[in-house]
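The primary structure of each chain is shown beneath.
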Amino acid sequence: MWLGFLVWLAVDTGASEITWSRLLVVLASVEAVAFAAIGALFGTTVQRQRVEDLKARTDAAESRAEANQTAALNGHKLAAAVKASRGPRADGSAERLSAEAQPGSDPLLALADRLFPD
């Protein structure tokens, strides 16, 4: 519509000065609406792409968070199992797992105690 109005103004050169002034006021209002519409169209197109990108990033972050939560839970279970199997026995003595190991020097138990100090 804006382009059609510009063409009509360019063709209608025989109008009086008052008519031209009035037509230019109308042109300015039509021009403002046209540029606002173009800006809204361009803005929604750009924002749609950004929203889709952010949604994809959010979905990826949520899946990583769920995987990390599962890994942390598995780590807590493993630490509890190590502590239960290699920790002091109910009678107060430590179980020897090999001929080389000395009582109280189990590195896996020490690591589980350090990482998960319950």
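Read on for a plain summary of the structure. Note that the coordinates shown come from a computational prediction; the quantities given were computed from them, not determined experimentally.

Side note on the environment of leucine 9
Position of leucine 9 relative to the elements: it lies in helix H1 (residues 2-11). Here leucine 9 falls in the buried class, since its relative accessible area comes to 5%. Sequence separation between leucine 9 and leucine 23 is 14 residues, and the spatial gap between their C-alpha atoms is 7.9 Å. The residues contacting leucine 9, other than those within four sequence positions of it, are Trp20, Leu23, Leu24 and Leu27.

Considerations on the pattern of salt bridges
Per the counting criterion, the structure on display carries two salt bridges. Across the salt bridge formed by aspartate 59 and lysine 55, the nearest N and O atoms sit 3.3 Å from each other. Residue aspartate 59 and its partner lysine 55 are both found in helix H2 (residues 17-86); the two are separated by four residues, about one turn of the helix. For lysine 55, a relative accessible area of 52% puts it in the exposed group.

A word on the packing of H1 against H2
In contact at an axis separation of 9 Å, H1 and H2 are set at 160 degrees when each is read in the N-to-C sense. One element, H1, and the other, H2, form an angle in the roughly antiparallel class. Here H1 runs over H2; the crossing is left-handed. From H1, Trp2, Phe5, Leu6, Trp8 and Leu9 reach across to H2, where they touch Trp20, Leu23, Leu24, Val26, Leu27, Val30, Glu31, Ala34 and Phe35. Partitioning the contact of H1 with H2 into residue classes produces 13 nonpolar, no polar and one charged.

Parameters at a glance
Residues numbered from 1 in each chain as written. Predicted model: local features only at pLDDT ≥ 70, side-chain atom pairs only at ≥ 80, totals over all residues. Heavy atoms only, no water. Helix = DSSP H or I, 4+ residues; strand = E, 2+ residues; numbered from the N terminus. Buried < 20%, exposed > 50% of the residue type's maximum accessible area, 1.4 Å probe, protein only. Contact = heavy atoms within 4.5 Å. Salt bridge = Lys/Arg side-chain N within 4 Å of Asp/Glu carboxyl O. Axes fitted to C-alpha atoms, helices over the stretch in contact; angles between N-to-C directions. Parallel < 35°, antiparallel > 145°, perpendicular 65-115°, else oblique. Left-handed = near helix turned anticlockwise from the far one by under 90°. Nonpolar A, V, L, I, M, F, W, Y, C, P; charged D, E, K, R; others polar.

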